[in-house]
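Structural overview for review
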Amino acid sequence: MNASTSHLGDTQAKPPIHSLLIKMVQTMVLAVLGLLFWPLYAVGRQIWHRPPNGVHWVQVKRYLRLMWSVQPPPPGLSRRARVWLTLSILQKLLLTPLAGLAWLLDELLYGNALNETAVVAPLFVISGGRSGSTQMTRYLEADPALTAPNLLQCMFPYLWLWRLAPRTIGRMVTAETVRARIKAMVPPELLERHDLEPFKADTFDGALYAAHLNPMALYLGPDVSAREFNFAAFVPEERPWMEDAVVQLVDRLGRKQRLFVGDATTGKPRRLFIKGHFLCAADALERHYPDAVFLTLVRDPASRLQSGINYLRVNPSDPGLGPPPWAWLSATLQQTESDYCRIEQAWYSRTDDAQRCVVRFADFVADLEGTMQHVYHQCLNQAQLPPHIPRTHPPRDRKNYTVNRSLAELGIDAEQVRAQLADYVAWCQSDKQEEMLP
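Residues numbered from 1 in each chain as written. Predicted model: local features only at pLDDT ≥ 70, side-chain atom pairs only at ≥ 80, totals over all residues. Heavy atoms only, no water.

1. Description of the overall build of the chain
- When helices and strands are tallied, the chain shows 19 helices and five strands.
- A globule of 438 residues ought to have a C-alpha radius of gyration of about 22 Å, and the chain, at 22 Å, matches this closely.
- With respect to the principal axes defined by its C-alpha atoms, the chain has extents near 60 × 60 × 45 Å.
- The burial tally for the chain puts 54% of its 438 residues in the buried class.
- Long-range pairs, those at least 24 residues apart, make up 83% of the contacts in the chain with a sequence separation of at least 6.
- With the model as given, the accessible surface of the chain reaches about 19900 Å², and the carbon-plus-sulfur share is 57%.
- Side-chain charges of the chain comprise 46 positive and 42 negative groups, with the mean position of each set lying 7 Å from the other. (Helix = DSSP H or I, 4+ residues; strand = E, 2+ residues; numbered from the N terminus. Rg over C-alpha atoms; globule rule 2.2 N^0.38 Å. Buried < 20%, exposed > 50% of the residue type's maximum accessible area, 1.4 Å probe, protein only. Contact = heavy atoms within 4.5 Å. Areas by Shrake-Rupley, 256 points an atom, 1.4 Å probe, with all protein chains shown as cover. Lys, Arg positive; Asp, Glu negative; His and termini not counted. Charge placed at Lys NZ, Arg CZ, Asp CG, Glu CD.)

2. A closer look at the sheet that holds strand β5 (residues 355–360)
- Taken together, five strands build an open sheet; the order of strands is β2-β3-β1-β4-β5 and the sheet is parallel. Bordering the open sheet on either side are β2 (146–147) and β5, each of which pairs with just one other strand.
- Sheet strands in contact with helix α5 (residues 133–141) are β1 (123–126), β2, β3 (271–276) and β4 (293–298), and its direction is about 165 degrees off that of β3. (Pairing = 2+ DSSP bridges. Axes fitted to C-alpha atoms, helices over the stretch in contact; angles between N-to-C directions.)

3. Details of the nonpolar core
- Of all hydrophobic cores here, the largest spans 69 residues; its most connected members are Phe124, Ile126, Phe204, Phe278, Leu285 and Ile309.
- Among all residues touching isoleucine 126, those that are not within four sequence positions of it are Gly276, His277, Phe278, Leu279, Ala282, Leu285, Phe294, Leu295, Thr296, Tyr340 and Tyr348. (Core = buried A, V, L, I, M, F, W, Y, C linked by side-chain atoms within 4.5 Å.)

4. Re the packing of helix α4 (residues 96–116) against helix α12 (residues 239–261)
- Axis separation between α4 and α12 bottoms out at 11 Å; the angle between their running directions is 70 degrees. As the angle between them shows, α4 and α12 are arranged roughly perpendicular. Of the two possible hands of crossing, α4 and α12 adopt the one that is left-handed. Here Trp103, Asp106, Glu107, Gly111, Ala113, Leu114 and Asn115 of α4 lie close against α12, whose contacting residues are Gln248, Leu249, Arg252, Arg255, Lys256 and Leu259.
- Class assignment for the residues of the contact of α4 with α12 results in five nonpolar, three polar and five charged. (Parallel < 35°, antiparallel > 145°, perpendicular 65-115°, else oblique. Left-handed = near helix turned anticlockwise from the far one by under 90°. Nonpolar A, V, L, I, M, F, W, Y, C, P; charged D, E, K, R; others polar.)

5. Considering the side chain of serine 307
- Tracing the backbone through its elements, the reader meets serine 307 in helix α14 (residues 301–313).
- On the basis of relative accessibility, which here comes to 11%, the residue serine 307 falls in the buried class.
- Once residues lying within four places of it in the same chain are set aside, the contact partners of serine 307 are Arg130, Arg193 and Arg299.

6. Looking at α4
- Taking 1.5 Å of rise per residue, 21 residues should cover 30 Å, and α4 covers 28 Å from first to last C-alpha, within 8% of that figure.
- Residue tyrosine 110 marks the point of greatest curvature in α4, where the axis turns by about 85 degrees.
- Within the span of α4, buried status applies to Thr96, Pro97, Ala99, Gly100, Ala102, Trp103, Leu104, Asp106, Glu107, Tyr110, Gly111 and Leu114.
- On its buried face, α4 is in contact with α1 (17–47), α3 (79–94), α7 (159–164) and α12. (Expected span 1.5 Å × (residues − 1). Bend = angle between axes of the 7 residues up to and from the residue.)

7. What to know about the confidence of the model for the chain
- Per-residue confidence for the chain gives a mean pLDDT of 91; residues scoring 70 or more make up 95%.
- Low pLDDT, under 50, characterises residues 1–7; the predicted model gives this stretch 17 contacts beyond four residues in sequence or across chains.
- Below pLDDT 50 for its whole length, residues 432–438 participates in 20 contacts with residues either more than four positions away or in separate chains. (pLDDT = per-residue confidence, 0-100.)

8. Some points on the pairing of β4
- By the criterion of burial, β4 is predominantly enclosed, with six of the six residues buried.
- The sheet contact formed by β1 and β4 spans three bridges and is parallel. Note that in β4 the partner of phenylalanine 124 across the bridge is phenylalanine 294.
- Where β4 lies against β5, six bridges are found, and the strand directions are parallel. Paired with valine 298 across the bridge in β5 is arginine 360.

9. Structural notes on the packing of aromatic side chains
- All told, the structure shown has 13 aromatic pairs when counted by the stated rule.
- Plain terms: the ring middles of phenylalanine 204 and phenylalanine 278 are 5.3 Å apart, the flat faces sit at 65 degrees to each other, and that makes the pair edge-to-face. Here phenylalanine 204, found in the loop between α9 (188–193) and α10 (205–210), pairs with phenylalanine 278, found in the loop between β3 and α13 (282–288); they are 74 residues apart in sequence, far enough to count as distant. The pair formed by phenylalanine 204 and phenylalanine 278 is uniform in burial state, with each residue classed as buried.
- The residue whose ring lies beneath lysine 23 is tryptophan 84, and the NZ or CZ to ring-centre distance is 4.5 Å. (Phe/Tyr/Trp six-rings, centres within 6.5 Å; stacked < 30°, edge-to-face > 60°. Lys NZ or Arg CZ within 6 Å of the ring centre and 35° of its normal.)

10. Structural notes on the packing of helix α2 (residues 57–69) against α3
- Their axes nearest at 10 Å, the elements α2 and α3 cross at an angle of 175 degrees. As far as their axial angle goes, α3 and α2 are roughly antiparallel. Between α2, through Trp57, Val60, Tyr63, Leu64, Met67, Trp68 and Ser69, and α3, the contact on the second element is made entirely by Arg79, Arg82, Val83, Leu85, Thr86, Ile89 and Leu93.
- Residues that form the contact of α2 with α3 fall into these classes: 10 nonpolar, two polar and two charged.

11. Regarding a nonpolar patch on the surface
- Where nonpolar side chains cluster on the molecular surface, the patch consists of Ile17, Leu21, Met24, Val25, Met28, Val29, Leu33 and Leu36 and spans about 740 Å² of accessible area.
- Among the structural elements, methionine 24 can be located in helix α1.
- Its relative accessible area of 32% is what places methionine 24 among the partly exposed residues. (Patch = residues over 30% accessible without salt bridge, like charges linked within 9 Å, V, L, I, M, F, W, Y side chains within 5 Å. Salt bridge = Lys/Arg side-chain N within 4 Å of Asp/Glu carboxyl O.)

12. Focus: α3
- Its 16 residues place the ends of α3 22 Å apart at the C-alpha level, agreeing with the 22 Å of an ideal helix rising 1.5 Å per residue.
- By the burial criterion, the buried members of α3 are Ala81, Arg82, Trp84, Leu85, Thr86, Leu87, Ser88, Ile89, Gln91, Leu93 and Leu94.
- For α3, the elements touching its buried residues are α1, α2 and α4.

13. Some thoughts on the pattern of salt bridges
- This structure, assessed with the given rule, holds 25 salt bridges.
- Where arginine 227 meets glutamate 228, a salt bridge forms, and the shortest distance between an N and an O atom there is 3.1 Å.
- The structure contains a network of salt bridges with shared partners spanning Arg62, Arg227, Glu228, Glu237 and Glu238.

Take a look at the structure:
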């Protein structure tokens, strides 16, 4: 799927010189502080394990090589941007012992309790981006029998911090203040497209990739980013350690969440669920949790593609560089979304012992009550729909976006996208309503 996007007119990203100098100073300070933390981190790894929330040295070396060897298409990558990204990689590496020690502190304080806290029959909402999975999550997380780590808990997966914060800073700063400050840091165009709630469950991949370097690939051209920032498949040479990192992060995060919230009011253990796009880890999670249930929402691929390109454009991975070029995003997502659709259909169509549930986006929009009855029956083995589930969606304005380029404006033929994914389109179609591209 090739897009004719040369007319989109992006320019090279060049961070201001003063910002670059500040970033250099920050990097040097982190290097000095690291002299204190690296030895402790090394000891902690020997006693317990390698924390999953730190960048891997193998990935660091590969990205440093890519940063200075790749020659992306127009508008290209300026030398100043390469220096900026190099410093970003080094900062990520230098922060590894600090993040790792924060993780290992949980093992010191709560290791035995975590080992005794089981994660039984977790529910994984693994769905393509812009498929309605966030709204589905909002309904599920209101169920007192379920528990999901919220966005802040995923970004800071430390049980000691969850327990300490309300007793310290939480006495001085309200949750509403934290929410307002976080939203103030986010581009307003992103808030139009995403219901950002730091104290509610959100896309787990943000926490996963925040610990690694994959989002930087979006600035290295479409060929690199289609390979490196692909939720459907790991980079082959990184698959073994990335699979281990994801499973360890999910499992330990799930145990911490269960230990933090306690049992439901019925006295039964709360059932863990996590939402994201991490189809690349589905096989590993299925092996680790043979009793897990997997749920996806499937939507017309052209609609998802348009929404996904615009979403990434208003959600830059590095605010210092601004958004990646339209042409790069268009080419990248045409490849990654095609990969995701094909792999998702094959994975959720398997007839093995794993429990899989498929929800059509059109049904979710048109018949919320019937769709949620299906989800509760298939995924949670409940015949009756809980009273907290609304019978109709609350009104939402998701049309008047500040930034919203159509596929035609991006040089992409929507019908060609559908034709090349004809099997997936047929799989997405509903007997009740067929969604069309707005």
